[in-house]
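# Architecture and fold: a report
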Amino acid sequence: IKRVLEQTGKDAIFVDGDIGFWKDINKYFDQSALSQGDILCALEPDDIGFCCGFTYFTHREKTFRFIDHVIAEQKKILGQSGEFIGEQAVFNSIVTENSKTCPAKVIGLPEKEFCNGHYLKTPGCWTADGDVRKGIVGSEMYLAHANWMKGIARKRRFLKRLGLYKSEKWQRIEITKIWRS
């Protein structure tokens, strides 16, 4: 991510492969959302922390310092214990446990709009006939993250049910230069 930010001079979005987009996220980020923080990140349910599967990184000095801090902490933990700790765990530790030393302002994205799999399994999200489009999140949701479920087949079924997965065949998608201006 840091390399993308440096090379493009623009903001960058990290997206897990098990996310389906419901509507154009640019509409959300074109609003005042970017003035609220340096890094905007999806949330895990029940105050677990941030889910880095969908994260918007602004091209700001604070963001660069934050990324450097995550990398340094990850290397420090690896050097001390010999155990690899993923970026999401380090990210959450810096933001929540060491908030005074966190170099960037990290904002959680609204769960009704940036939905994780746990949230989408709650009864109020779906109508009785199983249609999320008419449920409480249908008009607000920008994306659905098929996390909180194991296995590719289950994730595909979930995204298909939402109408966000179209093909059984793996498709190679080339993203050459899609950057926000």
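Residues numbered from 1 in each chain as written. Predicted model: local features only at pLDDT ≥ 70, side-chain atom pairs only at ≥ 80, totals over all residues. Heavy atoms only, no water.

## Let's talk about the nonpolar core
Put simply, the test is: What is meant by a nonpolar core is a set of buried Ala, Val, Leu, Ile, Met, Phe, Trp, Tyr and Cys residues, joined one to another through side-chain atoms within 4.5 Å. Three exposure classes are used, based on accessible area relative to the maximum for each residue type with a 1.4 Å probe and protein chains only: buried under 20%, partly exposed in between, and exposed over 50%. Under the scheme used here, helices are H or I runs from DSSP no shorter than 4 residues and strands are E runs no shorter than 2 residues, and both carry numbers assigned from the N terminus. It only takes one pair of heavy atoms within 4.5 Å for two residues to be counted as in contact.
Core analysis: the largest hydrophobic core is formed by 18 residues, its most contacted members being Ile-39, Phe-66, Phe-91, Val-95 and Val-106. Elements with a contribution of two residues or more to this core: strand 3 (39-43), strand 4 (50-57), helix 3 (61-81) and helix 4 (87-97). In contact with Phe-91, not counting residues within four places along its chain, are Ile-39, Cys-41, Phe-50, Cys-52, Phe-66, Val-70 and Val-106. Counting residues in each nonpolar core, the second largest holds 15 residues, with Ile-19, Ile-25, Phe-54 and Ile-107 among its members.

## Focus: the confidence of the model for the protein chain
Short version of the rule: Summary of the metric used: pLDDT quantifies the predictor's per-residue confidence within the range 0 to 100.
Averaged over all residues, the pLDDT of the protein chain is 79; the fraction at 70 or higher stands at 78%. Element-level mean pLDDT values for the protein chain span from 75 in helix 5 (residues 117-120) up to 93 in helix 1 (residues 2-8). Here residues 172-181 is modelled with pLDDT under 50, and outside its nearest four sequence neighbours on either side it reaches 11 contacts, counting other chains as well.

## Concerning the sheet that holds strand 6 (residues 114-116)
Either a parallel or an antiparallel arrangement is found when strands of a sheet pair, and the pairing is made through backbone hydrogen bonds. As a reminder, the rule being used: For two strands to be treated as a pair, DSSP must find at least two bridges joining them. Lines fitted to the C-alpha atoms define the axes, with helices restricted to the stretch that makes contact. Angles between their N-to-C directions range from 0 to 180 degrees.
With mixed pairing, the three strands of this open sheet are ordered in space as 2-7-6. Only two strands of the sheet have a single neighbouring strand rather than two, namely strand 2 (19-21) and strand 6. Strand-to-strand, the axes of this sheet are offset by a mean angle of 15 degrees, without reference to chain direction.

## Quick look at the packing of aromatic side chains
Here is the rule we go by: Only Phe, Tyr and Trp rings are paired, with Trp represented by its six-membered ring, and only when their centres lie within 6.5 Å; those with planes under 30 degrees apart are stacked, over 60 edge-to-face, the remainder tilted. We call a charge positioned above a ring when the Lys NZ or Arg CZ atom is no farther than 6 Å from the ring centre and deviates by at most 35 degrees from the ring normal.
What the rule picks out here adds up to 11 aromatic pairs. Between Phe-29 and Phe-54, the aromatic rings sit 6.3 Å apart at their centres with planes inclined by 25 degrees, giving stacked as the arrangement. Here Phe-29, found in helix 2 (residues 26-29), pairs with Phe-54, found in strand 4; they are 25 residues apart in sequence, far enough to count as distant. For Phe-29, a relative accessible area of 2% puts it in the buried group. You can call Phe-54 buried: its relative accessible area is 1%. Look at Phe-66 and Phe-91: their rings are 5.1 Å apart centre to centre, the planes differ by 80 degrees, and that puts the pair in the edge-to-face class. Placement of the pair is Phe-66 in helix 3 and Phe-91 in helix 4, with a sequence separation of 25 residues. Look at Phe-91 and you get buried, because its relative accessible area is 4%. Each residue in the set Phe-21, Tyr-28, Phe-29, Phe-54, Tyr-56, Phe-114 and Tyr-142 is aromatic and connected to the rest through ring pairs, giving one cluster. For the cation-ring pair, Lys-23 lies above Tyr-142, with the distance from its terminal atom to the ring centre recorded as 4.6 Å.

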